[in-house]
Amino acid sequence: MRIASWTVVFVVCACLLTTSAAVTSIPVLVYHQLDALDNSFFSIPSSLLQQQMAQLRALGYESITPTQYVAWVKNNPVTLPAKPILITWDDNILNAMPAVGIMAAYGYTGVMFSVSGFADFPDGWNMDWDQLAQMKAAGWSIQLHAGPNGHTNIAGQYCTSFLGCRLVGETEEAYKTRVMNDLTAGDAALQSRGLTSGPSEIFALPFDDWGFSVAAQDPVPASFLPTYFASKFPVIFHQDWGYQVGLSRRYRFEIHSDTTVAALVAALNDPRFNFDGLPASTGPTTTTTTTTTTTTTTTTTTTTTTTTTTTTTT
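Keep in mind it's a predicted model, so treat the numbers as computed, not measured.

**Student:** Is there a simple way to explain the packing of aromatic side chains in this structure?
**Tutor:** The geometry of two aromatic rings is summed up by the distance between their centres and the angle between their planes. A full pass over the atoms with the stated rule returns 14 aromatic pairs. Relative to Trp-72, the ring of Tyr-69 lies with its centre 5.7 Å away and its plane at 50 degrees, an arrangement referred to as tilted. Here the residue Tyr-69 and the residue Trp-72 both occupy positions in helix H2 (residues 66-73), the gap between them amounting to 3 residues, near one helical turn. By the burial criterion, Tyr-69 is buried, and Trp-72 matches it. A ring pair is formed by Phe-203 and Phe-229, whose centres lie 5.1 Å apart and whose planes are at 50 degrees; its orientation type is tilted. In this pair, Phe-203 is assigned in strand E10 (residues 202-204) and Phe-229 in helix H7 (residues 220-232), connecting sequence segments 26 residues apart.

Written as structure tokens, this is what we have:
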């Protein structure tokens, strides 16, 4: 499958050289599929993607790269548009390729989180390496989602995620080695094909599985994965597993088949997109004091309410 030609709408970007403090929130979206024949919960119609991109354009959002996003998270000087957004896709599924043209028509590029094992054996469902190279040539970034086996399930036991579960009888060291080898192999595969120039800057956790769901049965994955991922990647994206923060973890809003344009617009203001990833954040090293006074007067009653809120972020 080849990427069809498209018409690109050229948009003037109101960019500025800024530090992280100047931009206090960057929404991050994650898509999976387009026009899936099985009406998957993770698939949306192409027409809905067009509507969503048109709405983002009308609101003034500009897509950014992983490099820009990481610099912002690290509070380093970075050139950012006034309203930045990071648009990501997972799993290098073949039916997502038309997104390149649809998004380009509104001036957007995206990030494809790739599973190297899927590209090695595409079998008509996933993109192969040549198709991922086409995405990169179209201005997209290719980043690591998993290696040869990291996005597979383990059959026949209570815990089925390849990265988030220990095999029955597997030692702690063998488990850790298996996880590390998979991600190392995935990174190497992307680099060897020229899709990345070094280790992935950002990472999306397969199945959103940190091992927390089975920690009572086996605490090893939940104690190992967050610290290991943080040592390897500047940013690790997850959707909402108990809403974990710290250790480089950042939130993404996941688009589903029932995500309307209105729901997407509402999600753009989620406080989990704030600089420190916490609700009510106002950005790094800032102190904000807000005083609001509301007075309501009738012929018989006068009510005055004063609320003072002080937020300090370090």
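**Student:** Before we go on, may I ask you to explain the state of the cysteines in this structure?
**Tutor:** Structurally, a disulfide amounts to a covalent bond that connects the sulfur atoms of two cysteines. All told, the structure shown has 1 disulfide when counted by the stated rule. Two residues, Cys-159 and Cys-165, share a disulfide whose sulfurs are 1.7 Å apart. Between Cys-159 and Cys-165 the disulfide shows an S-S torsion of about -75 degrees. By sign, it is left-handed.

**Student:** Where do I start with helix H1 (residues 46-58) in this structure?
**Tutor:** Residues that lie three or four places apart on an α-helix share one face, since the helix turns once every 3.6 residues. In this model, H1 (13 residues) spans 18 Å end to end at C-alpha, consistent with the 18 Å of a helix rising 1.5 Å per residue. Where H1 is concerned, the buried positions are Ser-46, Leu-48, Leu-49, Gln-52, Met-53, Leu-56 and Arg-57. One or two steps after H1, the chain reaches Gly-60, where phi turns positive at roughly 90 degrees.

**Student:** Any chance you could explain helix H5 (residues 129-137) here in plain terms?
**Tutor:** Among the residues of H5, those classed as buried are Trp-129, Gln-131, Leu-132, Gln-134 and Met-135. The opening residue of H5, the one whose side-chain oxygen lies 3.1 Å from the backbone nitrogen of Asp-130, is Asp-128. Gly-139 lies just past H5 and shows a positive phi near 100 degrees.

**Student:** Honestly, unusual backbone geometry in this entry has me stumped. Any pointers?
**Tutor:** With the exception of glycine, most residues fall at negative phi, and the peptide bonds are largely trans. Unusually for a residue other than glycine, Asn-92 sits at a positive phi of about 40 degrees. Examined against the element boundaries, Asn-92 turns out to sit in the loop between strand E7 (84-90) and helix H3 (98-104).

**Student:** For this particular structure, what's the right way to read the pattern of salt bridges?
**Tutor:** Pairs may arise between side chains of opposite charge once their charged atoms sit close together. One pass over the structure, following the stated rule, counts 8 salt bridges. Between Glu-62 and Arg-57 there is a salt bridge, and its shortest N-O distance comes to 3.1 Å. According to the relative accessible area criterion, Arg-57 is buried, its value standing at 19%.

Basis of the calculations
Residues numbered from 1 in each chain as written. Predicted model: local features only at pLDDT ≥ 70, side-chain atom pairs only at ≥ 80, totals over all residues. Heavy atoms only, no water. Phe/Tyr/Trp six-rings, centres within 6.5 Å; stacked < 30°, edge-to-face > 60°. Helix = DSSP H or I, 4+ residues; strand = E, 2+ residues; numbered from the N terminus. Buried < 20%, exposed > 50% of the residue type's maximum accessible area, 1.4 Å probe, protein only. Disulfide = S-S within 2.5 Å. Expected span 1.5 Å × (residues − 1). Polar contact = N/O pair within 3.5 Å; in protein donor to acceptor, adjacent residues only side chain to side chain. Salt bridge = Lys/Arg side-chain N within 4 Å of Asp/Glu carboxyl O.

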